[in-house]
Amino acid sequence: MQQTQKQQISFSNQDDRTFYLLTNQIKETLDSKKASDISIINLHNKEYFADFVIIATASVGKHALALLHYLRQELKSKGIKIHNTDEENEDWIVVDLGEIIVHIFTENHRKKYNLEEFLQSTFINKNCA
């Protein structure tokens, strides 16, 4: 019988724990609005400019814009400031929260750019070779 291991995340300060909890709230918001294949990538202490990256898939471009709208509302209601958004292309929307970056892709763009694999190979597995 194979045992599954839970990833243990240690927090050096309260801010780290806050960012971790916020990523899960963002995931729940996106999930409640029918985003699919939502991934949270922990890049804390990995020489990346953000600690967490959230990647979600929207069914179509209009759905991506709607997800952005709901995410803005949810974050605003919690007093969380969005630093910047890139919504020029509804196939790939980026939301910059500072230590958390959210990418909302349509399925074709998510496959095309394969951001998860890039982050995994460049920042997580780079010392395993």
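Residues numbered from 1 in each chain as written. Predicted model: local features only at pLDDT ≥ 70, side-chain atom pairs only at ≥ 80, totals over all residues. Heavy atoms only, no water.

1. Observations concerning helix 4 (residues 115-124)
Link 1 in the chain: Listed in full, the buried residues belonging to helix 4 are L115, E116, L119 and F123. Within helix 4, the buried residues cover an arc of 100° as seen down the axis, which keeps them to one side.
Link 2 in the chain: Close packing links the buried residues of helix 4 with strand 1 (36-42), strand 2 (52-58), strand 5 (100-106) and helix 3 (107-113). (Buried < 20%, exposed > 50% of the residue type's maximum accessible area, 1.4 Å probe, protein only. Helix = DSSP H or I, 4+ residues; strand = E, 2+ residues; numbered from the N terminus. Arc of directions from axis to C-beta. Contact = heavy atoms within 4.5 Å.)

2. A closer look at the environment of A50
Link 1 in the chain: On the secondary structure map, A50 appears in the loop between strand 1 and strand 2.
Link 2 in the chain: Along the backbone, A50 and I101 are 51 residues apart, and their C-alpha atoms lie at a distance of 6.7 Å.
Link 3 in the chain: Apart from residues lying up to four places away in sequence, A50 is in contact with L43, G98, E99, I100 and I101.

3. Observations regarding helix 2 (residues 61-77)
Link 1 in the chain: Compared with the 24 Å implied by 1.5 Å per residue over 17 residues, the 25 Å span of helix 2 between its first and last C-alpha is a close match.
Link 2 in the chain: If you check which residues of helix 2 are buried, you get G61, H63, A64, L67, L68, L71 and L75. The arc enclosing the buried residues of helix 2, seen along the axis, measures out at 150°, which places them on a common side. With respect to the buried face of helix 2, the exposed residues turned more than 90 degrees away are K62, K76 and S77.
Link 3 in the chain: Positive phi appears at G79, one or two residues downstream of helix 2, with a value of about 75°. (Expected span 1.5 Å × (residues − 1).)

4. A word on the pattern of salt bridges
Link 1 in the chain: Per the counting criterion, the structure on display carries five salt bridges.
Link 2 in the chain: In this structure, the salt-bridge partner of R110 is D37, at a minimum N-O distance of 3.7 Å. You can see R110 sitting in helix 3 and its partner D37 sitting in strand 1, a full 73 residues away along the chain.
Link 3 in the chain: A salt bridge links K111 to E107; the shortest N-O distance between them is 3.2 Å. With K111 and E107 both in helix 3, this residue pair falls four residues apart, about one helical turn.
Link 4 in the chain: For K111, a relative accessible area of 59% corresponds to the exposed category.
Link 5 in the chain: A relative accessible area of 45% means that E107 is categorised as partly exposed.
Link 6 in the chain: Because the salt bridges share partners, they merge into one network encompassing D37, R110 and E116. (Salt bridge = Lys/Arg side-chain N within 4 Å of Asp/Glu carboxyl O.)

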